[in-house]
Every structure is written in structure tokens, then in C-alpha cells.
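Residues per chain, in single letters:
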Amino acid sequence: MKKRYLLFIFALLAQAVCGQSTWKNPIVKQGRLGSPLVETSPFVFHGKLYLLENNQRFWDVKGAKPGDFFHEDEVRIKDVKSGKKVSVVLKNHGFGTAFVWKDSLYVFAGNYGTGKPWRQMTEITMTATTDLKTWTKPVTVLKANKNEYFFNTAVTRGKDKFVLLYETNDPRWKPFTFRYEESDDLRNWKEIPDAVYGKDKYVGGPALYYENGWYYTLYLEALKNGYETRITRSRDLHTWEDAPDDRPFVTFEPTHKKIPLLKPEIAESNASDVELCYFQGKTILYFTGSDQTTAGDLQRAEYAGTPARLFEHFFKDIKTDIPPKHEGNWAPVLTAPQDATNTQITESRGRKPSAGQLALQEEQLGAFVHFGPASYIRSDMLAVPAASLFNPSLLDADQWVRAAKSFGAKHIVLTAKHHNGYCLWPTRTTEYSVTKSPWKNGKGDVVADFVKACRKYDVRVGLYVSGGDKHFPCSSTPDPQGQRKLVGDIHKYFPVFMEQLRELLTGYGEIAYLWFDGAYDPFGWDVTNTKTNRRLGTVYGDAITAMVKDLQPGAVIMGGTRPDMRWSGSEQGWAAYPLWNVVPQGAGLEQWVGPQNSGWIPAEANIFTRNNWFWTPGSDKTLRSVDFLKKVYFESIGRGANLLVNMTPDTSGIIPEAEVTRLADFGKTIQKTFSAPQGTTTGKKAETEIILNVSDARLVSLIEMEEDLKEGQFVKHYEVQAYVGGQWKSIAKGESIGRRRIQLIDPLHTSQLRLLIADSPFAVIRKFAAYDAR
């Protein structure tokens with residue numbers, strides 16, 4: 001024991017030492033340029049390097065002050081090599097930025113307009129050119145909201161749309177804040193809902209780039225002694241990951257003095273308005289120094305590599321994937337523990353899947369059906385309305401199953417009993433069930449209709465059973481794991497719950513999947529009885545598991561104290577990457593299972609397709625878009641997890657037509673994406689290099705890989721290379737593959753791809769394929 005304790009201490013010390021690794025900023029400053037310019041945009045056009053400059057007229061007039069002559073301000077372009085001005089793009093404009101797409105240069109800038117004070121811009125103008133001489137007629141592409149002014153802008157090409165960032169003084173948040181818009185054509189822009197950065201802190205001087213699936217935003221951080229540029233990133237423009245505070249992108253040099261238009265003794269306290277481009281094997285950066293008052297001090301820097309490599313360097317060796325924020329007006333399904341040091345007797349499930357786990361992982365995609373009294377009371381999952389309220393007069397379980405099959409679901413999970421305690425089958429344990437419903441005069445059985453429909457259409461049956469029961473009542477508090485408390489008399493409730501479960505396990509034939517919700521669960525390993533101040537432990541949950549395994553030996557269990565499957569940690573259809581099927585001993589809490597668990601416990605994500613889990617009136621307009629659902633598919637199944645997509649019958653018992661259509665369209669999109677591979681192959685055990693031939697050197701934009709998991713998951717690192725121009729070029733890298741890895745890449749034409757796998761002698765790649773997913 002003493003030896004183990006010492007090893008543990010040494011491990012912590014090693015981790016602490018490693019955490020203090022000598023990270024170094026790779027950007028090399030090239031010097032000051034003697035110019036007062038602030039906002040500039042370097043860009044490459046027709047093979048030459050140019051700089052877009054925002055020149056304020058007062059800089060050129062002796063004795064003038066900021067804001068003088070601002071209607072003469074101009075957005076102009078300079079040839080960097082010759083230093084000559086090649087074009088004046090716009091006058092009476094400021095905060096301009098340059099964006100190159102295909103053979104055109106687009107310039108976006110704020111319009112001062114007429115009759116308005118300096119820098120009270122309410123319109124963003126766009127103009128374009130193919131030769132830097134002739135420009136399209138400037139058009140207004142964005143107008144400010146009431147009481148809002150525009151400042152800096154930035155534009156990039158995202159995964160499948162253009163994205164525009166604008167800096168706003170919106171009074172709802174601290175000035176300044178970044179908002180994001182999207183467009184298909186660079187002219188017509190629409191707001192991306194809730195895509196905002198900097199609500200709670202000062203940000204400014206933005207730049208926006210998209211590399212390898214990440215949106216990178218450069219922003220200005222206000223310090224006590226000045227301002228420095230930092231970097232943040234997001235997969236979806238909603239959830240942001242800032243680089244560590246000790247890794248500024250560009251910071252100021254207090255030794256710099258003799259700044260343009262300032263008194264010579266004033267020292268630099270600012271490094272802002274960084275923009276960059278890739279030119280001749282280097283990333284070229286321009287930024288301004290000075291002190292954030294009268295003028296700038298333009299400077300140049302370089303990085304010996306691509307922007308993607310530069311951005312990634314600031315996030316090196318830190319956790320690279322964060323879950324999307326919870327979106328719902330209910331408490332999250334389960335709250336992460338605040339203290340992960342809880343210990344329990346552990347049980348390992350080994351390092352390879354059981355037959356049941358493997359079968360469920362092979363299916364990948366399933367459907368959830370949330371239906372019950374909450375469908376009648378605006379999705380209130382905790383209220384306990386009268387049993388007679390439930391009256392699905394047109395219930396059609398066949399329609400549910402057809403809708404699930406339309407998007408590829410192989411199994412369906414029905415909420416047989418949710419938190420309110422209402423049972424959708426004629427249980428003998430309580431009158432709070434369908435027996436008191438006017439539907440079929442109390443003789444109906446939703447579970448029976450559901451199971452019959454699943455059998456008819458060859459879809460496997462899953463049942464959700466909430467341990468928490470607000471009607472009985474018995475549940476747990478919604479505190480973080482490790483702090484939950486018992487509510488109600490568990491000793492009276494436990495035999496009732498066990499009988500309900502026995503009815504479900506013995507009355508409906510084979511049940512493939514049992515889904516136990518962690519929220520409000522009185523049987524959780526961490527729940528404390530406040531009367532005795534003792535933690536209940538795993539005894540109740542273990543008894544539940546024992547009954548399931550005895551009555552339904554082939555059933556897979558989600559949740560509970562001995563789970564076969566685990567939650568991914570997000571109700572947004574997201575799973576972490578890299579994703580490992582084996583939970584290391586002692587790491588259970590980090591993987592949303594109790595600390596007593598380890599071994600093969602695959603992850604499953606779930607997603608609600610409306611703004612609530614249950615149907616609510618008027619919610620068709622909140623249905624997730626096909627693009628969103630496709631992104632969810634890539635961020636769950638595409639990372640090796642399973643996915644449950646929710647469906648919501650209305651009060652009549654039918655899924656609304658809008659939802660049926662949306663789900664079918666989602667299924668068609670996935671089918672189309674993977675229906676025509678440009679090439680596919682398989683590998684052999686211990687094979688470290690797998691070659692994939694691409695027919696006729698077709699375009700490739702998506703890579704798909706699968707491991708054979710029968711004996712376990714083995715790939716820890718991989719690289720995909722393309723044969724281009726007579727040599728192999730790295731196009732994608734990753735860590736885990738697992739059940740399935742889907743990876744988008746920059747589109748390219750190639751005749752061959754190769755998958756390189758190192759240090760995985762037991763890995764078997766059963767599929768390596770390429771697609772054009774545009």
C-alpha cells in the first residue's frame with residue numbers, strides 16, 4: 001500500500017513538472033515600420049503580397065486630432081514589395097478588411113455615412129475586384145441593430161459557408177463584443193443565433209480564420225498595464241476555448257518608445273489588430289503597437305509554417321475538445337462532480353466488448369422517443385399532472401418506427417416511465433398509468449404497441465426507465481455527482497420500482513437496450529441518505545443490474561451502477577475526441593460513470609431535435625436543421641460514439657409531419673454522403689501502412705476509417721497522406737479511430753491515399769474509404 005501511495009505521489013509530481021514545460025511563442029517579430037497605421041490586412045493575390053490599409057486622414061495633417069477630417073479617411077491597398085499604393089478602394093470608410101476567395105478580392109468596411117459623428121457606423125459595405133483596378137459598385141451587406149455601432153470586421157470561409165465577424169458595442173454586453181453572421185454568397189448575411197464571443201469581458205481588434213475544423217478568433221485582452229492579442233477557438237461558434245493566459249498571441253514591448261505621433265517618452269503598451277496570411281512558406285503577420293490612443297505603430301512578424309500549425313501551437317498539450325454548452329430550460333441530465341477523488345471497489349469489464357456491446361456499437365445510430373404526460377404540459381418533466389390528461393387518441397407506433405428507419409436508426413428507446421412516474425403500460429404497481437387514461441378506455445398499452453411496431457419493421461427494442469419518480473415520490477437532488485441527496489423513502493419505493501422493471505422485462509419479449517437516466521436517480525452510487533448521513537453506495541443499483549441480466553441476459557444497460565454504455569456528457573449530440581472505449585481504472589468520474597467502473601464502456605451521445613425533449617405547441621420552428629444534425633452525426637458517430645436522435649409525438653400520439661420530413665431529409669443527407677466512395681479498402685492485422693487507390697484521381701474531401709473492435713480498440717495515433725504532385729503530402733492526423741472515424745479535409749484531387757498507423761500491432765482496419773462530401 002505504501003509503495004502504491006508513493007507511486008501515486010511521484011505521478012502527481014511528474015504531472016506537475018510536465019505541466020511546466022517550456023512553451024515558447026513561435027512568432028518572430030521582424031521590426032517596426034514607422035507608420036501610425038492601426039487596422040491592416042495582409043493578403044496574397046495573384047501570387048503577390050499586398051497590404052490593405054485603413055488610413056485616417058488626421059494622421060497626415062499637422063496638429064489635427066483623432067476624428068478630424070474623418071470623411072476623408074480611406075481604405076487602400078499597397079504592394080508590399082514595392083511599397084506603392086495600387087488602389088484606393090473606399091473613401092469615407094474605416095475598419096476595412098480583405099478576403100480573397102477564388103479569383104476575387106473582397107473588401108468589407110464600415111461606412112461613416114453622412115451627418116453622423118465619427119465612428120458611429122451603422123452599415124458595413126462590400127466591394128470586390130479581380131484585378132485591383134476595377135471594383136464592383138459598393139453595396140451595403142449589413143445594417144446595425146438599434147443602439148448599436150459597427151467597428152472592426154473579419155471574414156473567412158468556414159466548413160461550408162462564409163462567416164463574418166463584426167465588433168459591436170451592443171449595450172447588452174461589455175464593450176466590445178464579437179458577433180457572427182453566415183452567408184452563401186458574401187452579399188446576403190444572416191445572424192448565427194447565439195454565436196457571440198466576449199459577453200463578459202473586453203475584446204476588440206478581431207481577426208477570424210478557419211483551419212482544420214476550428215474557427216480561430218484573435219482578440220484583444222485588457223491587462224492592468226496594457227493590451228495584448230490572444231487567441232480563442234471554437235468548433236461551432238458557440239462554445240469557445242481560450243488559449244492559456246500565459247500564451248499571448250502577440251504582446252507589447254515596453255522598451256519601444258518614439259512611437260509615431262506620440263511624445264517620444266511614451267512607452268508601448270499595446271499589441272493589437274493582428275491579421276495574417278500565408279506567403280512563400282511563411283505566415284506573415286501585421287499588428288500595431290502604440291498605446292491605444294492617438295495612432296498606431298505598425299509592425300511585422302513571421303512564423304515559419306502554416307497558419308494552421310501556428311494556431312495549433314497555442315493549444316498544444318492542453319485538453320483539445322470541450323463539450324458544447326447545455327441548451328435547454330431544464331437541468332442537465334447529470335451534473336459533473338466537483339470532487340473526483342471518490343473511491344469505490346472497482347469492477348473492470350475487460351478491454352474488449354461483450355457480444356451485446358459490440359452489437360449495439362455496430363448499429364451506431366438509434367432513436368429516442370420522448371412521450372408521456374410531459375407532452376401535454378409544455379415538456380415539464382417534473383410536474384405530476386392528472387393521469388387522465390394523457391390521451392393519445394391517434395397513437396401510431398408504426399409511424400414512429402418508420403420515421404426512425406428513415407434516418408437510419410437500428411434501435412429505438414421509448415420513455416416507458418419518465419421522472420413524473422407515469423407508466424405507459426398497465427402496471428399493477430400504481431394507478432398513475434395508462435389504466436387511468438381515456439385512451440382506449442384505460443385498456444391501452446403504449447409499450448405493447450411500440451414493441452409490436454419495432455418487431456414489424458425489424459428494429460431492436462429499447463426502454464427508458466427513470467429511477468426517479470416524482471409521483472411516488474422518491475428521487476435524488478439535482479446536485480453534482482458526489483453530493484446528491486435522497487428525497488423520499490427508498491425502502492418503500494425500491495420494491496415498487498423492481499416490480500415495474502420486472503413487468504417490463506418479462507411482459508414484452510426480448511429487450512435489447514435498457515436506458516437508466518442518471519438524473520434524479522435515488523439508486524445512484526453517490527446518493528446520501530440525509531437521515532443517516534450515509535451514502536447508499538451501489539447495492540440498489542447492483543440489484544437492478546442483477547435482475548436485468550437474469551431476466552434479459554442479452555440486454556445492454558445504459559447508466560446505473562454497472563453500465564454497459566456510458567453517456568458522452570452532452571445533450572448536443574457531441575462526443576469528446578479522442579474517444580476511447582476502455583475507461584481506465586480510477587477514471588470513471590471523468591467518463592460519466594461511477595468510480596467503481598472501468599474497462600470497456602462505450603460512449604453514447606443524444607440530441608433533442610426540438611427546443612425540448614417532449615413535444616410542445618408551436619415548436620416546429622425550433623427543429624434542428626439538416627446541416628446541424630449532420631454536424632452532430634460527424635461529432636458523435638464520426639468520433640466513434642453511438643448516437644440517439646430524439647423524436648417527439650404530439651398529444652395525439654403522432655410525430656408531426658414537419659419533424660418526420662426533417663428526419664427523413666437528415667437520413668437522405670447521410671446516405672448521400674456515404675453512398676459513393678471514391679475508393680475503399682481494408683487492412684490486415686498489424687499492418688502499419690494501408691494504400692487506398694482513388695479512381696481517376698477524383699476529388700476527395702472526407703476520410704472514413706473503422707477498426708475491427710472484436711478484440712478491442714488499439715489505434716492510438718494515425719496519419720493520412722495523399723499522393724499529390726509526385727510526392728506524399730500529409731492531409732489528416734488523429735488519435736483514436738475506434739468504431740468509426742469520419743474526418744473532413746481540405747478538398748483535393750489525388751490518385752492514392754495512405755493510412756499510416758504506428759505502435760498498434762494488434763489493430764485491424766476493416767475500412768479505409770474516401771468521399772467527395774461537398
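Structure shown above.
Residues numbered from 1 in each chain as written. Predicted model: local features only at pLDDT ≥ 70, side-chain atom pairs only at ≥ 80, totals over all residues. Heavy atoms only, no water.

Trainee: Give a description of the overall build of the chain that names residues and reports values.
Mentor: Tallying secondary structure elements over the chain gives nine helices and 43 strands in all. Considered along the principal axes of its C-alpha atoms, the chain spans approximately 90 × 60 × 60 Å. Going through the 774 residues of the chain one by one, you find that 57% of them count as buried. Pairs at least 24 residues apart make up 66% of the contacts formed inside the chain by residues separated by at least 6 positions. As displayed, the chain has an accessible area near 33,200 Å², and 51% of this comes from carbon and sulfur atoms. Separation of charge centres in the chain, based on 97 positive and 88 negative side chains, amounts to 1 Å. (Helix = DSSP H or I, 4+ residues; strand = E, 2+ residues; numbered from the N terminus. Buried < 20%, exposed > 50% of the residue type's maximum accessible area, 1.4 Å probe, protein only. Contact = heavy atoms within 4.5 Å. Areas by Shrake-Rupley, 256 points an atom, 1.4 Å probe, with all protein chains shown as cover. Lys, Arg positive; Asp, Glu negative; His and termini not counted. Charge placed at Lys NZ, Arg CZ, Asp CG, Glu CD.)

Trainee: Which residues make up the packing of helix H6 (residues 490-507) against helix H7 (residues 539-551), and what are the values?
Mentor: Where H6 meets H7, the axes come as close as 10 Å, and the angle between the chain directions of the two elements is 20°. The orientation of H6 with respect to H7, classified from their angle, is roughly parallel. Considering how the two elements wind past one another, H6 and H7 form a crossing that is right-handed. Facing H6, whose interface residues are Ile490, His491, Phe494, Phe497, Met498, Leu501, Arg502, Leu505 and Thr506, H7 presents Tyr540, Ala543, Ile544, Met547, Val548 and Leu551. Within the contact of H6 with H7, the residues separate by chemical class into 12 nonpolar, two polar and one charged. (Axes fitted to C-alpha atoms, helices over the stretch in contact; angles between N-to-C directions. Parallel < 35°, antiparallel > 145°, perpendicular 65-115°, else oblique. Left-handed = near helix turned anticlockwise from the far one by under 90°. Nonpolar A, V, L, I, M, F, W, Y, C, P; charged D, E, K, R; others polar.)

Trainee: Account for the sheet that holds strand E38 (residues 699-707), with residues named and values stated.
Mentor: With respect to topology, four strands assemble into an open sheet ordered E36-E43-E38-E41, the strand pairing being antiparallel. At either margin of the open sheet sits one strand with a lone partner, and together these are strand E36 (679-681) and strand E41 (741-749). Pairwise comparison of adjacent strand axes, ignoring direction, gives a mean angle of 15° for this sheet. For E36 and strand E43 (residues 765-771), the ladder comprises three bridges, and the chain directions are antiparallel. Each bridged residue has a counterpart across the sheet, and for glycine 679 the counterpart in E43 is alanine 770. Set on the sheet, helix H9 (residues 657-675) makes contact with E38, E41 and E43; between it and E38 the angle comes to about 95°. (Pairing = 2+ DSSP bridges.)

Trainee: Could you give an account of H6, with specific residues and numbers?
Mentor: Over its 18 residues, H6 extends 25 Å from the first C-alpha to the last, a length consistent with the 26 Å expected when each residue adds 1.5 Å. Looking at H6, one finds that the buried residues are Ile490, Tyr493, Phe494, Phe497, Met498, Gln500, Leu501, Glu503, Leu504 and Leu505. One side-chain oxygen at the N-terminal end of H6 lies 3.0 Å from the backbone nitrogen of histidine 491; it belongs to aspartate 489. Looking one or two residues beyond H6, the residue adopting positive phi is glycine 509, at roughly 75°. (Expected span 1.5 Å × (residues − 1). Polar contact = N/O pair within 3.5 Å; in protein donor to acceptor, adjacent residues only side chain to side chain.)

Trainee: How would you explain the packing of aromatic side chains if you had to name every residue and give the values?
Mentor: Applying the stated criterion across every chain yields a total of 49 aromatic pairs. Judged by centre distance (6.1 Å) and plane angle (50°), the rings of tyrosine 216 and phenylalanine 315 are tilted. Note that tyrosine 216 is positioned in strand E15 (residues 214-222) and phenylalanine 315 in the loop between helix H2 (307-313) and strand E21 (347-348), a separation of 99 residues in sequence. With a centroid separation of 5.2 Å and 80° between ring planes, the pair formed by phenylalanine 674 and tyrosine 771 is classed as edge-to-face. (Phe/Tyr/Trp six-rings, centres within 6.5 Å; stacked < 30°, edge-to-face > 60°.)

Trainee: Can you tell me about the sheet that holds strand E34 (residues 603-607), naming the residues and giving the values?
Mentor: A sheet is described by the order of its strands in space; here eight strands give the open sequence E30-E27-E24-E23-E22-E35-E34-E31, paired in parallel fashion. Edge positions in the sheet fall to strand E30 (556-558) and strand E31 (566-567), since each has one partner strand and no second. Contacts from helix H5 (residues 446-456) reach strand E23 (411-417) and strand E24 (460-465), with the element oriented near 155° to E24. Each of strand E22 (365-369), E34 and strand E35 (642-647) is contacted by helix H8 (residues 626-636), which is oriented at about 150° to E35, the strand it contacts most.

Trainee: Before we move on, could you go through the environment of glycine 113 and cite the residues and values that matter?
Mentor: Within the secondary structure, glycine 113 sits in the loop between strand E7 (104-111) and strand E8 (123-129). In the structure, glycine 113 is positioned 549 residues away from arginine 662 in sequence and 44 Å away in space, judged by C-alpha atoms. Setting aside chain neighbours within four positions, we find glycine 113 in contact with His71 and Asn92.

Trainee: Run through the nonpolar core, naming residues and quoting values.
Mentor: Counting 80 residues, the largest nonpolar core has Trp400, Phe407, Val447 and Met647 as the members making the most contacts within it. It is H6 that provides the largest number of residues to this core, a total of eight residues. Once residues lying within four places of it in the same chain are set aside, the contact partners of phenylalanine 407 are Leu365, Gly366, Ala367, Val645, Met647, Leu663, Phe666 and Gly667. Grouped together as the second largest cluster of nonpolar side chains are 23 residues, Val694, Leu753, Leu755 and Ala770 included. (Core = buried A, V, L, I, M, F, W, Y, C linked by side-chain atoms within 4.5 Å.)

Trainee: I'd like to hear about helix H4 (residues 397-406), residue by residue, with values.
Mentor: Where burial is concerned, most of H4 is hidden: seven out of the 10 residues are buried. In this structure, the buried residues of H4 make contact with E22, E23, H5, E35 and H9. The opening residue of H4, the one whose side-chain oxygen lies 3.2 Å from the backbone nitrogen of aspartate 398, is aspartate 396. Looking one or two residues past H4, glycine 408 carries a phi angle of roughly 100°, positive in sign.

Trainee: Tell me what's going on with the pairing of E8, and back it up with residues and numbers.
Mentor: Counting buried positions over the seven residues of E8 gives six, a clear majority of the element. For E7 and E8, the ladder comprises seven bridges, and the chain directions are antiparallel. Among the inter-strand pairings, valine 107 is bridged to a residue of E8, identified as threonine 127. By the bridge criterion, four bridges tie E8 to strand E9 (residues 139-143) in an arrangement that is antiparallel. Note that in E9 the partner of methionine 126 across the bridge is valine 139.

Trainee: Give a description of the packing of H8 against H9 that names residues and reports values.
Mentor: Where H8 contacts H9, the axes come no closer than 9 Å and their chain directions differ by 55°. Classified by the interaxial angle, the pair formed by H8 and H9 is oblique. Helix-helix and strand crossings are classified by hand; for H8 and H9 the assignment is right-handed. In this structure, H8 contributes Val626, Leu629, Lys630, Tyr633 and Phe634 to the contact, and H9 contributes Arg662, Asp665, Phe666, Thr669, Ile670, Thr673 and Phe674. Within the contact of H8 with H9, the residues separate by chemical class into seven nonpolar, two polar and three charged.

Trainee: Describe the side chain of threonine 288, with residues and values.
Mentor: Within the secondary structure, threonine 288 is located in strand E19 (residues 282-288). With relative accessibility at 1%, the residue threonine 288 sits in the buried group. When near neighbours in sequence (up to four residues on either side) are disregarded, threonine 288 contacts Leu37, Val38, Asn270, Ala271, Ser272, Asp273, Gly296, Asp297 and Leu298.

Trainee: Quick rundown of the side chain of glutamate 363? Include the residues and the values.
Mentor: Within the element layout of this structure, glutamate 363 appears in helix H3 (residues 355-363). Excluding residues within four positions of it along the chain, glutamate 363 makes contact with Lys410, His411 and Arg460.

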